[in-house]
Amino acid sequence: MQMMTRDVLLGMEEEEDDDDGDIGDVPASKRPFLTPHPSSLVLDNLEQTTVSNFGPLESQPDFRTPEFEEFNGKHDSLFFNDGQRRIDFVLVYEDESRKETNKKGSNEKQRRKRQAYESNLICGGLQLEATRSVLDDKLIFVKVHAPWEVLCTYAEIMHIKLPLKPNDLKTRSSAFGNFSWFTKVLQVDESIIKPEQEFFTAPFEKNRMNDFYIHDRDTFFNPATRSRIVYFILSRIQYQVRDNVKKFGINKLVSSGIYKAAFPLHDCNFSQRSEDPSCPSERYLLYREWAHPRSIYKKQPLDLIRKYYGEKIGIYFAWLGYYTQMLFLAAIVGVACFLYGYVNQNNCTWSKEVCHPDIGGKIIMCPQCDKICPFWKLNSTCESSKKLCIFDSFGTLVFAVFMGVWVTLFLEFWKRRQAELEYEWDTVELQQEEQPRPEYEAQCTHVVINEITQEEEHVPFTTWGKCIRVTLCASAVLFWILLIIASVIGIIVYRLSVLVVFSTKLSQTFNGTDPIQKYLTPQTATSITASVISFIIIMILNTIYEKVAIMITNFELPRTQTDYENSLTMKMFLFQFVNYYSSCFYIAFFKGKFVGYPGDPTYWLGKYRNEECEPGGCLLELTTQLTIIMGGKAIWNNIQEVLLPWIKNLIGRYHTASRTEKKSPRWEQDYHLQLMGKLGLFYEYLEMIIQFGFVTLFVASFPLAPLLALVNNILEIRVDAWKMTTQYRRMVPEKAQDIGAWQPIMQGIAILAVVTNAMIIAFTSDMIPRLVYYWSFSVPPYGNHTQYTMEGYINSTLSYFNVSDFKSRSRGSSASDFDIRTCRYRDFRNPPGHPQEYKHNIYYWHVITAKLAFIIVMEHVIYSVKFFISYAIPDVSKRTKSKIKREKYLTQKLLHENHLKDMTKTMGVIAERMGPVVTDNHLRPKSE
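Just so we're clear, the structure is a prediction, and the values are computed from it rather than from any experiment. (Residues numbered from 1 in each chain as written. Predicted model: local features only at pLDDT ≥ 70, side-chain atom pairs only at ≥ 80, totals over all residues. Heavy atoms only, no water.)

What am I meant to see in the overall build of the protein chain here?
Each helix and strand counted, the protein chain has 27 helices and 20 strands in total. A burial count over the protein chain gives 54% of its 928 residues as buried. Restricting the contact set of the protein chain to residue pairs at least 6 apart, pairs at least 24 apart contribute 79%. Surface summary for the protein chain: the accessible area is close to 43,800 Å², and the carbon and sulfur share equals 58%. (Helix = DSSP H or I, 4+ residues; strand = E, 2+ residues; numbered from the N terminus. Buried < 20%, exposed > 50% of the residue type's maximum accessible area, 1.4 Å probe, protein only. Contact = heavy atoms within 4.5 Å. Areas by Shrake-Rupley, 256 points an atom, 1.4 Å probe, with all protein chains shown as cover.)

I'm lost on the state of the cysteines in this one. Help?
In a disulfide, the sulfur atoms of two cysteines are held together by a covalent bond. Tallied over the entire structure, the rule returns three disulfides. Each disulfide pairs two cysteine sulfurs, and for Cys 348 the partner residue is Cys 389, the sulfurs being separated by 2.4 Å. Judged by the torsion about the S-S bond (-75°), the Cys 348/Cys 389 disulfide is left-handed. Placement of the pair is Cys 348 in the loop between α10 (311–343) and α11 (349–355) and Cys 389 in helix α12 (residues 382–391), with a sequence separation of 41 residues. The same class applies to Cys 348 and to Cys 389, which are both buried. (Disulfide = S-S within 2.5 Å.)

What's the story with the sheet that holds strand β5 (residues 139–145) in this structure? I'm lost.
Two pairing modes exist for strands in a sheet, parallel and antiparallel, and in both the strands are linked by backbone hydrogen bonds. Here five strands make up an open sheet; going across it, the order is β2-β4-β5-β3-β10 and the pairing mixed. The open sheet has two free edges, formed respectively by β2 (67–68) and β10 (261–263), since each of these has just one partner strand. Bridge analysis of strand β3 (residues 89–94) against β5 gives six bridges, and the strand direction is antiparallel. Each residue of the ladder has a partner; that of Val 90, found in β5, is Lys 143. Taken strand by strand, helix α6 (residues 223–234) contacts β3 and β5, and its axis lies near 45° from that of β3. (Pairing = 2+ DSSP bridges. Axes fitted to C-alpha atoms, helices over the stretch in contact; angles between N-to-C directions.)

I keep staring at the nonpolar core and nothing clicks. Help me out?
Here is a general trend for soluble globular proteins: nonpolar side chains tend to be buried in one another's company. Counting 146 residues, the largest nonpolar core has Tyr 309, Trp 319, Tyr 323, Trp 406, Phe 410, Trp 414 and Phe 694 as its most contacted members. Ranked by residues supplied to this core, first place goes to α10 with 16 residues. Ranked by size, the runner-up nonpolar core spans 46 residues in total, among them Ile 140, Cys 152, Ile 237 and Tyr 259. (Core = buried A, V, L, I, M, F, W, Y, C linked by side-chain atoms within 4.5 Å.)

Help me understand the environment of Ile 739, please; the structure alone is not making it clear to me.
Within the secondary structure layout, Ile 739 lies in the loop between α22 (705–727) and α23 (742–764). Relative accessible area serves as the criterion here: at 5%, Ile 739 is assigned to the buried category. Put simply, Ile 739 and Lys 312 are 427 residues apart on the chain and 8.1 Å apart in space, counted from C-alpha to C-alpha. Those residues in contact with Ile 739 that sit more than four places away from it in its chain are Ile 315, Trp 319, Trp 414, Gln 418, Tyr 685 and Met 746.

Any chance you could explain the packing of aromatic side chains here in plain terms?
The description of an aromatic ring pair uses the distance of the two centres, along with the angle that the planes make with each other. Enumeration over the complete set of coordinates arrives at 61 aromatic pairs. Here the aromatic rings of Tyr 117 and Tyr 259 are separated by 6.0 Å at their centres, their planes lie at 65°, and the arrangement is edge-to-face. You can see Tyr 117 sitting in helix α2 (residues 106–123) and its partner Tyr 259 sitting in the loop between α7 (250–255) and β10, a full 142 residues away along the chain. Like Tyr 259, Tyr 117 is buried. Of note, Arg 86 hangs over the ring of Phe 79, and the distance from its end group to the ring centre comes to 6.0 Å. Over the ring of Phe 555 we find Arg 469, and its NZ or CZ is 4.7 Å from the ring centre. (Phe/Tyr/Trp six-rings, centres within 6.5 Å; stacked < 30°, edge-to-face > 60°. Lys NZ or Arg CZ within 6 Å of the ring centre and 35° of its normal.)

Which parts of the structure should I look at to understand a nonpolar patch on the surface?
Together, Ile 635, Trp 636, Ile 639, Leu 643, Leu 644, Trp 646, Ile 647, Leu 650 and Ile 651 make up an exposed nonpolar region whose accessible area comes to about 770 Å². Among the secondary structure elements, Leu 643 is positioned in helix α19 (residues 619–659). The exposure class assigned to Leu 643 is partly exposed, which follows from its relative accessible area of 39%. (Patch = residues over 30% accessible without salt bridge, like charges linked within 9 Å, V, L, I, M, F, W, Y side chains within 5 Å. Salt bridge = Lys/Arg side-chain N within 4 Å of Asp/Glu carboxyl O.)

Can you help me understand helix α13 (residues 394–424) in this one?
The periodicity of an α-helix, 3.6 residues per turn, causes residues three or four places apart in sequence to face the same way. For α13, which comprises 31 residues, the first-to-last C-alpha distance of 44 Å matches the rise-based estimate of 45 Å (1.5 Å per residue) to within 8%. At the exit of α13 stands Asp 426, carrying a positive phi of roughly 60°. (Expected span 1.5 Å × (residues − 1).)

In this structure, what is going on with the side chain of Glu 289? I would like to understand it.
Within the element layout of this structure, Glu 289 appears in helix α8 (residues 282–291). Only 3.3 Å separates the side chain of Glu 289 from the side chain of Arg 288, close enough to count as a polar contact. With near-sequence residues (within four places) excluded, Glu 289 lies in contact with Val 188, Ile 192, Ile 193, Ser 295, Lys 298, Pro 301 and Arg 718. (Polar contact = N/O pair within 3.5 Å; in protein donor to acceptor, adjacent residues only side chain to side chain.)

Shape is all these values report; function is a separate question.
Rendered as structure tokens:
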């Protein structure tokens, strides 16, 4: 590899620099660029490669520029013009000589930084070729190629595992082997996407190069690995030293506008194969067999996804696919429970009582707000009570218990599947030492003594500085969570205010027999409008907080990219958890629980009377809220993920086509695609985890949630595949062993889901009061029926209130239309005239006891089953463990045997050289 022996420095001390203090800046005397390594000579050279500050750049004898070549007309080519050197990365910039000057001298400064950077890339061993754009002559595309020596050096530094010899151990068996005739339809055709050859692998070492399976140097490093190595170099090359502060990294140059883009190339057009017969056209195969709508029923080609995009994206689609498969079972059971409720809704005794003209039609309910709300008849809620029978049935209890077990099975079986992928994708012992982020290295200005090695090391801040940063970050997150809570309180105030308006307006607009009033009750209208407003507020806060969370995490300065993503994951999920679920928690566990009674209602902020649930409870409102948020979120995400990139690319293609009819090269076609960004995959995970929470936390109120999630995920997989293969530039491949911080988050949701579903059944639904009435209060000594029955249940759950006991503040409108002296309200209290009037009666205490007992029993039963399943199902199957151990043994044996062969060969050479000497000594006569 070509290295420069003398330092070159771009000194710009006399120039104004707007980027001082940003990431990528560090005093040169204090920052260790990378940790020491046996193969770190090249890194030291990268540290030293700078551009001299003597005279103009053009006159520097050590300054190097890329080769300028005209486009050779091969629009599908992935090589330099010589057809030999492969393009591993592309940098794009706007020619400063043709750019409009916004600030005096700014173009010249940018040009000098860029030229210094490119010179240092060349000095670092990379080869560059520049080509002017075919469509826009202002744009210059700099193609980057890493020669064999550079690839070998950095493969050792990055501990990349590479093939030793073919491996015949890795045989993949299907769990549905007996149904191969059926699963064959779902599999990807192996004649189209051929299975990858498996190898024994080991971390690459240059001094043991002969041990590795190098049949062809051009293919030994696949395109994904080449791009990863080149990006590693690009992120650490310097381009300026100012006031002894070094600036470095392609990310900094792109963010400051010196370069417009930096990306690896797709291997062909997604809609047709490459004209180059040597190109595998993997992008075309992925589009045809994965992203195309006609492949929606097929399994994903995970090995090809992993090969083309890297393990990090591969593991995401593997997880999403497995989650979707497991949702099939949950959706089937959920639909069965829903159908059970739907079929039996006509047999729902308490709903019949609500709708009966002689029962519900004669029960006059107390006003639900002060002064202007009217009295109303119970049978006005007939339609909502019928709907409630569908969701508030025995099937709900069965489904809640089932989902508590299902989520455990999903998590445990996913761990096993993940272990299999680690073996198949060779990430079991991921020995790659994750390098610090350039942004972290840039701030390592403090020297501390390592307690273990007792050596000096550089850190970005002191212990006291770290405490300050953590405190500030935690305070910022807490502030935004409080902001969400404030928005939820605002929605509650809206509910309380609008309920009054709807109660008066709807009663004036429709008469009691109007069919519209059967469906559009004041409670229903309030619930729907509040849910829509809540969803809008959720999306607005979500958009703002995404940017705030990134700023907070950048300020926190995590060391590695994994640490960065895990920190951002926890912040974003905590915010999203409160943002998406707070309104559902309010409806499920707070609404209608602390309302007092008509003579002494409870007020919010001393002004707004607390809202009540309908006579059947708040379960139907919770179902409505979940449906609106889940459906609205799915629609909004699809608009963001599909429609916006498609429109942007469509506009870009329109402008491009209007300029010229020339056929553009591969790198220019990719440049006009959208940038996904480093956190693109993070948002995909976040979207699915929020959905996972809806499916598990509140599933007792909405058994169709798994079905909606299943349909969404089937489309989501193909939509994500479509946008990655057609709308976005190719991302830099990254290694990953698992799904990271999302696994413990899902485990936390699974534990919380047992509690929330138990409490929904106990406190939100009417199942426990119905069971208490059926087994205790329908028969003597509390009831008058001779056998267990649900007849009379509605009457037993509604307490009496004397209209004359209304306080002046709460007194409703005239009751003369109904000619009554008492009204009813939903609670278990003693009637007027009782020695303890309006106090909770014996029924109330029976119900509370039963609810608490139910929660304890349900939680303990499900947790016991969960822990038993977790213990019974190992994270790694015995077969996979054996395969891993055997492969490790054979790999070590292979390396040891190769080492012995090398030693034997070396000793043989030495022996041959020493043989004549020994012979001469034997033949030489002794001297006296």
